[in-house]
Every structure is written in C-alpha cells, then in structure tokens.
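# Report on the structure
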Amino acid sequence: MKSQFAPAAALPPQVHVFIRDWLSSNNVLLRGRGGNILIDSGHVRHVPMTLALLATPQGLASAPLAKLVNTHCHSDHMGGNAAIQARYRCPIVLPEGEAPLIDAWDEKALLLGYCDQRAERFHYDEIIKPGETLVWGDLEWRPLAAPGHDMGALVFYNPEHRILISGDALWRDGYGLVMPLEVDPRALPAARATLEMLARLDIRTVIPGHGEPFGDVTAALERAFDRTAAFEADTLRVARHALKAVFTFALLDKQRFPAAELPAYIDRIDMYREFNQRFFRLPAAALAKLLLEELERVGAVRREDGWLRPA
Ligand SMILES: [Zn+2]
C-alpha cells in the first residue's frame, strides 16, 4: 500500500497532510509551539499505518499530540480515534452536532453497522461549535458548519493562508454521499447551502478529506454544484450513488468479496435492503447486477475468479 505526504506547495510549514488510499480520510497534522493537533484519524484498517506515519520525522517524531479533532464521525475519519487516544493520551474533540451520536453510538446515524462499516468506540473530551476561533499549529482556524453529507460536519478555515480543511463537504471531484430526500429531507438542500457558503469564502487551497490538496476551487465548486443539480433532478441517482459509495468503502476494507454473495448481502445489510424496498423494488440479484455494472464501468470494482476486488 502506498502512502505519501502531500506536496508542501501552497501550504505553510505548520500544515502536514498524510494521504493514503480512498478508504482512509487524510490526516492533517498542524504542528505548533502551542501544541500539535491532528485532524481526522483515518480508517480502523489503517491504524498501524497511521501510527507509523505519525511517528515519522514529517509527523510528530517523538513529540506529543495535544488534541485529535474530527471533521465528522464516519468510519473513515474516526476509525483511528481509539488507537491514537491510547497511544498519545490526548483529548478527542468533536463537532457539537456529532457528540450525541457518539454518546448513543448510533450505528445507523453514524453509517456503521447500517451499511457494513466499522469503527472502534472511543470517548471524547471536548466539543467545537461553529463561530469559535481556534488556534491550531499557531494558526487561526474558524470552524464552519458544513451539513449535507453529514449533518453535524464542520470544515475548518484559515483566513490568513486561505486554507480550507473540507472533510467530505468538498472534494476535487464531488463530495461524500448524501441521503436521498425520502430518507433525510434535510441532506441535499444542506449540501447545496454548504457549497454556497464555501463559494463565498476566499479559498486558495482545499485540503479535502480524500485525495490531494488542490487549488482550483472554482472548478471544484462548479463540479460539486453540477452534481448537486443532477441529484436534485433524480432521486434514484442519489440512492444508487449512496449504495455504490458504501459498497466501495466496504470492499476497500474487506479487500475481496464473493460476487455470488452480493444478493444475500443486499438482503442482509439494512441500508441496501431499505433502499431496495424504498427506491428500486428489484429482486436482490437484479439490484446486485445493476450496482456492479455501474461500479465496473467507472473502474471502482473488478471481478477476478468469482471475487469482487477494489480496482
Ligand atoms: Zn464522511
């Protein structure tokens, strides 16, 4: 598995981005005299790699970690929380809106067991509210509410260097899955409102939750608005996209999955079963075929001797 440090271009020396494959969110390390802060902890599958990256000279080396912060509480952003907390004995800081879900360990709202994702349970120590000003890595960061993909998500904006740590609210090409209107009527309108809020910010560099940092924010926002319009026009497309996204993540975690078992999986895992009853009303084998064809066409999944593998 390859892992890398993001090119330092356009980022001040306090900001370090660790990029792995799409399964784990990026880790953003902010190093400063006032203490070192890590934003997001990746997927539980990558915990050994995350701890190893943190121990490198480009990471913390032997320095302490003052806080671990999450942009939002999905498996690929909080999966290393428990292990990092155990290693560094640091407080965990959550967006205000995520705390009740963690208190309840709500496997549906957190998109865990509901869609066959996993994360290790952890305890948090502090919450962040939008509107505060935080000093991390000797830089000022403004937490901004960024609901849509996740209704409690925050993004972090540094006005001095015009950096946005965007989590899954904005990627170079799109953003994290949203729930169809019939499942959560707030989600898609909130995703649009969040893009409009981001379009009003003066941003030079986006550090997304997945993929490399990027600079052409106008083009990324345009693609995100186009996707939103396509979603608004076609709720089945939103539903298909959400199922394909969660299956791609599950496959990256499992690494291989028997193709013949996909229909039974669709009947067994709550999100697939509920979405099929609500949106597609297909025999599980027919929905499996439809999803697989689309995933193979975009090159997310390949078949090999009866196994599905991430491509
Ligand atoms: Zn997410």
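Just above sits the structure.
Residues numbered from 1 in each chain as written. Predicted model: local features only at pLDDT ≥ 70, side-chain atom pairs only at ≥ 80, totals over all residues. Heavy atoms only, no water.

## Section: the pairing of strand β10 (residues 154-158)
Among the five residues that make up β10, five are buried, leaving the element largely enclosed by the rest of the structure. Across the two faces of β10 the burial is the same, with Leu154, Phe156 and Asn158 and Val155 and Tyr157 all buried. When strand β9 (residues 139-145) meets β10, the two strands line up antiparallel, connected through four bridges. Note that in β10 the partner of leucine 144 across the bridge is valine 155. Here β10 runs beside strand β11 (residues 163-167); their pairing, made up of three bridges, is antiparallel. Its bridge partner being in β11, asparagine 158 is matched across the sheet by isoleucine 163. Hairpin geometry of β10 and β11 is characterised by an intervening segment of four residues between the two adjacent antiparallel strands and by a positive phi of about 55 degrees at arginine 162. (Buried < 20%, exposed > 50% of the residue type's maximum accessible area, 1.4 Å probe, protein only. Helix = DSSP H or I, 4+ residues; strand = E, 2+ residues; numbered from the N terminus. Pairing = 2+ DSSP bridges.)

## A short note on the packing of aromatic side chains
The final tally for this structure, using the stated rule, is nine aromatic pairs. Geometrically, the ring pair formed by phenylalanine 247 and phenylalanine 257 is edge-to-face, given 5.7 Å between the ring centres and 85 degrees between the ring planes. Placement of the pair is phenylalanine 247 in helix α7 (residues 235-254) and phenylalanine 257 in strand β13 (residues 257-258), with a sequence separation of ten residues. Using a relative accessible area of 6% as the deciding quantity, one classes phenylalanine 257 as buried. Aromatic ring contacts, followed pair by pair, group Phe247, Phe257, Tyr265 and Tyr272 into a single cluster. (Phe/Tyr/Trp six-rings, centres within 6.5 Å; stacked < 30°, edge-to-face > 60°.)

## Focus on the layout of surface pockets
Here the largest pocket defines a volume of roughly 940 Å³. Taken together, 38 residues form the lining of the largest pocket, with Trp22, Trp171, His241, Ala245 and Thr248 sitting closest to its centre. The set of elements that each furnish at least two residues to the lining of the largest pocket consists of α2 (75-78), α6 (217-233), α7 and α10 (284-297). If one sorts the elements of the lining of the largest pocket by residue count, α7 sits on top with nine residues. The residue inventory of the lining of the largest pocket, partitioned by class, reads 18 nonpolar, ten polar and ten charged. Empty space within the second largest pocket amounts to approximately 340 Å³. In terms of residue class, the lining of the second largest pocket is made up of nine nonpolar, five polar and five charged. (1 Å grid on protein atoms, 1.4 Å probe; cavity = no way out; pocket = protein on both sides within 12 Å on 5 of 7 lines; lining within 4 Å. Points joined across faces, edges and corners; volume = space filled by probe spheres on them. Nonpolar A, V, L, I, M, F, W, Y, C, P; charged D, E, K, R; others polar.)

## Quick look at the coordination of the zinc ion
Ideal geometry at a metal centre: 109.5 degrees between donors when four sit tetrahedrally, and 90 or 180 degrees when six sit octahedrally. At 2.2 to 2.4 Å from the zinc ion lie its protein donor atoms, namely His72 (NE2), His74 (ND1), His149 (NE2) and Asp168 (OD). Coordination at the zinc ion is irregular: its four donor atoms span angles of 82 to 175 degrees at the metal. Here the donor residues of the zinc ion share one chain and are spaced in sequence as H-x1-H-x74-H-x18-D. Of the two residues, histidine 74 sits in the loop between β5 (67-69) and α2 while aspartate 168 sits in the loop between β11 and α5 (187-199), which places them 94 residues apart along the sequence. Relative accessible area serves as the criterion here: at 6%, histidine 74 is assigned to the buried category. (Donors = N, O, S within 2.8 Å, 3.2 Å for Na, K, Ca; no water. Tetrahedral: all angles 85-135°; square planar, octahedral: opposite > 155°, others 65-115°.)

## Here we look at the sheet that holds β11
If you trace the five strands from one edge of the open sheet to the other, you get β8-β9-β10-β11-β12, paired in mixed fashion. Bordering the open sheet on either side are β8 (134-136) and β12 (205-208), each of which pairs with just one other strand. Here the average twist between neighbouring strands, direction ignored, is 30 degrees. Sheet topology places β11 next to β12; four bridges connect them, and they run parallel. Among the inter-strand pairings, isoleucine 163 is bridged to a residue of β12, identified as threonine 205. (Axes fitted to C-alpha atoms, helices over the stretch in contact; angles between N-to-C directions.)

## Quick word on the packing of helix α1 (residues 47-55) against helix α3 (residues 81-88)
It is at 10 Å that the axes of α1 and α3 come closest, and there the two elements cross at 40 degrees. In this view, α1 runs oblique relative to α3, as classed from their interaxial angle. Note on packing geometry: the crossing formed by α1 with α3 is right-handed. Residues Val47, Thr50, Leu51, Leu54 and Ala55 of α1 form the contact with α3, whose own contacting residues are Ala83, Ile84, Arg87 and Tyr88. Taken together, the residues of the contact of α1 with α3 break down into seven nonpolar, one polar and one charged. (Parallel < 35°, antiparallel > 145°, perpendicular 65-115°, else oblique. Left-handed = near helix turned anticlockwise from the far one by under 90°. Contact = heavy atoms within 4.5 Å.)

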